[in-house]
Amino acid sequence: MVRGRISRLSVRDVRFPTSLGGHGSDAMHTDPDYSAAYVVIETDAEDGIKGCGITFTLGKGTEVDWSREGRGAPGDSGCPKCGVGLVGQAGGKACLEVTCGHEKQMLAQGYPAYTTSCAWLGYSDDTLKQLCAQALKDGWTRFKVKVGADLQDDVRRCQIIRDMIGPEKTLMMDANQRWDVPEAVEWMSKLAKFKPLWIEEPTSPDDILGHAAISKALVPLGIGIATGEQCHNRVIFKQLLQAKALQFLQIDSCRLGSVNENLSVLLMAKKFEIPVCPHAGGVGLCELVQHLIIFDYISVSASLKNRMCEYVDHLHEHFKYPVMIQRASYMPPKDPGYSTEMKEESVKKHQYPDGEVWKKLLAAQEN
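Once a new chain begins, its residue numbering starts again from 1 and follows that chain's sequence as written. Note on the predicted model: pLDDT of at least 70 is required for a residue's local features to be given, and 80 or more for side-chain atom pairs to be given and counted; whole-chain, interface and lining totals, by contrast, use all residues. Remark: hydrogens and water are excluded; side-chain values derive from all non-hydrogen atoms of the structure.

## Focus on unusual backbone geometry
Next, step 1: Note that the residue after Tyr 352, namely Pro 353, is joined by a cis bond; omega there is 0 degrees.
Next, step 2: What counts as a helix is a DSSP run of H or I of at least four residues, what counts as a strand is a run of E of at least two, and both are numbered from the N terminus. Tracing the backbone shows Pro 353 in the loop between helix H10 (344-350) and helix H11 (356-366).
Next, step 3: Backbone geometry places Leu 315, a non-glycine residue, at a positive phi of 75 degrees.
Next, step 4: Its location among the elements puts Leu 315 in the loop between strand E11 (309-311) and strand E12 (324-326).
Next, step 5: Residue class for Leu 315 comes out buried when judged on its relative accessible area of 8%.
Next, step 6: Its identity is not glycine, yet Ser 339 carries a phi of approximately 65 degrees, on the positive side.
Next, step 7: The class for Ser 339 is buried, based on a relative accessible area of 6%. Relative accessibility decides the category of a residue: with a 1.4 Å probe and only protein chains considered, values under 20% of the type maximum give buried, values over 50% give exposed, and everything between is partly exposed.

This is how it looks when you write it as structure tokens:
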């Protein structure tokens, strides 16, 4: 039975000026504006069902993805094309049927998360301290800090965070591909005293053997390797797993080819007994990945050991069905669809370059 046919496709360049506050800044991207090519597919179905999809970028390159999406071609500029998730309700209503203990646990406790929001590289020490204190007050126990631009600066900032969170809470580090292999080993040997659980993306994401070499050098120091947010297909993940090049696997809901490719990687991670700790943040990545992590727990891994999902407290207010965080955990979404639908008012205001927000900013830059 054909429910409806595609009647219209729209693609819009939506950008948020996160660079103004240093949000999202790291060793490789000092001033990103979190952005997306936002796709809406409308149908002629009686219930008005439609599909929404997002290609997340850092601002530069969004127009390339916009062009590709409009032609129906896979994008490969900021992040490859994300599959379009249907937004609708079967039979006019949505229901969440609880059938096993794992599902009950998710509903009651949620999926454990960690925060990156308090330690962007562009934040001042005062901002870092303020946000870290608030995160502790809000119950966060797992923190990630950006590193990789300047060693002495990293030492100072890591010391601040470790002193604030204490020795028992979990600390991770993320270099965003900044180093070559020897530099990664040397740098992290000097940061090992802060007891990081992992170093994320220590070198180029497709350097399989490089990651394996770094892993071999750092695991004796108690530091694992986490990577995957920039890996674009299951083959790269297969090689990373076969080479024992990572201890924490990070899928990304937009980088991989939507749901099917992500599921393939989840199954491989289960086979190799490597915990999945997804990358999130950006525009809608938390909203998307929540579905994948909960599916992984309920239907694939059945384990929360060494597992957690990244959370960044930015831009959720622009989504019709924003992610829900309670007690530093992702709570299962109860709305139908893939949580990709953005508020029309937000899209209009932040559409580049003609939206209200960008008209003001661009005019100010010209003056």
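## So, the packing of aromatic side chains
Next, step 1: Only rings of Phe, Tyr and Trp enter the pairing, Trp through its six-membered ring, and a pair is recorded when the two centres are within 6.5 Å. The plane angle decides the type: under 30 degrees is stacked, over 60 is edge-to-face, the rest tilted. Overall, the coordinates contain seven aromatic pairs when judged by the stated rule.
Next, step 2: Aromatic pair Tyr 114 and Trp 198: ring centres 5.6 Å apart, planes at 80 degrees, arrangement edge-to-face. In this pair, Tyr 114 is assigned in strand E5 (residues 111-115) and Trp 198 in strand E8 (residues 198-200), connecting sequence segments 84 residues apart.
Next, step 3: Owing to a relative accessible area of 0%, Trp 198 belongs among the buried residues under this scheme.
Next, step 4: Plain terms: the ring middles of Tyr 311 and Tyr 330 are 6.1 Å apart, the flat faces sit at 85 degrees to each other, and that makes the pair edge-to-face. In this pair, Tyr 311 sits in strand E11 while Tyr 330 sits in strand E13 (residues 329-331), placing the two residues 19 residues apart along the sequence. Grouping residues by exposure puts Tyr 311 and Tyr 330 together as buried.
Next, step 5: Taken together, Tyr 114, Trp 198 and Phe 248 form an aromatic cluster joined through their ring pairs.

## Description of the packing of helix H4 (residues 151-165) against helix H5 (residues 181-191)
Next, step 1: Taken N-terminus to C-terminus, the directions of H4 and H5 make an angle of 30 degrees; their axes are 10 Å apart at the nearest point. The interaxial crossing formed by H4 with H5 has right-handed handedness. Where H4 abuts H5, its residues Leu 151, Asp 154 and Val 155 lie against Trp 187, Lys 190 and Leu 191.
Next, step 2: Asp, Glu, Lys and Arg are counted as charged, while Ala, Val, Leu, Ile, Met, Phe, Trp, Tyr, Cys and Pro are counted as nonpolar; the rest, among them Gly, fall into the polar class. For the contact of H4 with H5, the residue count by class is four nonpolar, no polar and two charged. For helices, the fitted line uses only the C-alpha atoms of the stretch in contact; every axis is such a line through C-alpha atoms, and the angle between N-to-C directions lies from 0 to 180 degrees. With the far helix as reference, a near helix turned anticlockwise by less than a right angle produces a left-handed crossing, and one turned clockwise produces a right-handed crossing. In this analysis, two residues are considered to be in contact whenever any of their non-hydrogen atoms come within 4.5 Å of each other.

Treat this as a map of the structure, not an account of what it does.
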